[in-house]
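Listed below are the residues making up each chain.
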Amino acid sequence: MSHSLLELELLGADVGAGRWMVVIFNNETNSMEEVVEILMVATGCNEQEAEIEMWEAHTFGKAAVHFATKIECEEAARIIASVGIKTEVAREWND
């Protein structure tokens, strides 16, 4: 058995329970610049990452923009939603 598998067994079933994500959805209300700006404020990402996430939401209808604990994701989602962008906080993985 590898070392990492042994560590997972010792830690128990809650491993990974802190991994949540914020998803944003495209809309016709917010400008692309506004989305980039609020993503940088809410998630602490740089402009390049925010532009990529904005483009993904614009092109595919939604984009995962932040990965963290549930509490941190809820706070980031609240900030993003404050400018009218629909958000969703969900588990990163459905175990």
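We now turn to the structure provided with this report. (Residues numbered from 1 in each chain as written. Predicted model: local features only at pLDDT ≥ 70, side-chain atom pairs only at ≥ 80, totals over all residues. Heavy atoms only, no water.)

1. Observations regarding the side chain of H66
Alright, step 1. Relative to the assigned elements, H66 resides in strand β2 (residues 62-68).
Alright, step 2. Separated by 2.9 Å, the side chains of H66 and E72 make a polar contact.
Alright, step 3. Aside from chain neighbours lying at most four places away, what touches H66 is W20, M21, V22, T43, E72, C73 and A76. (Helix = DSSP H or I, 4+ residues; strand = E, 2+ residues; numbered from the N terminus. Polar contact = N/O pair within 3.5 Å; in protein donor to acceptor, adjacent residues only side chain to side chain. Contact = heavy atoms within 4.5 Å.)

2. Considerations on the pairing of strand β1 (residues 20-25)
Alright, step 1. When you tally the buried positions in β1, you get six out of six residues, the bulk of the element.
Alright, step 2. Where burial is concerned, the two faces of β1 agree: the one with W20, V22 and I24 and the one with M21, V23 and F25 are both buried.
Alright, step 3. Sheet topology note: the β1/β2 ladder contains six bridges and is antiparallel. Each bridged residue has a counterpart across the sheet, and for F25 the counterpart in β2 is K62.
Alright, step 4. Sheet analysis places β1 next to strand β3 (residues 87-91), joined by five bridges and oriented antiparallel. Pairing of M21 across the sheet is with A90, part of β3. (Buried < 20%, exposed > 50% of the residue type's maximum accessible area, 1.4 Å probe, protein only. Pairing = 2+ DSSP bridges.)

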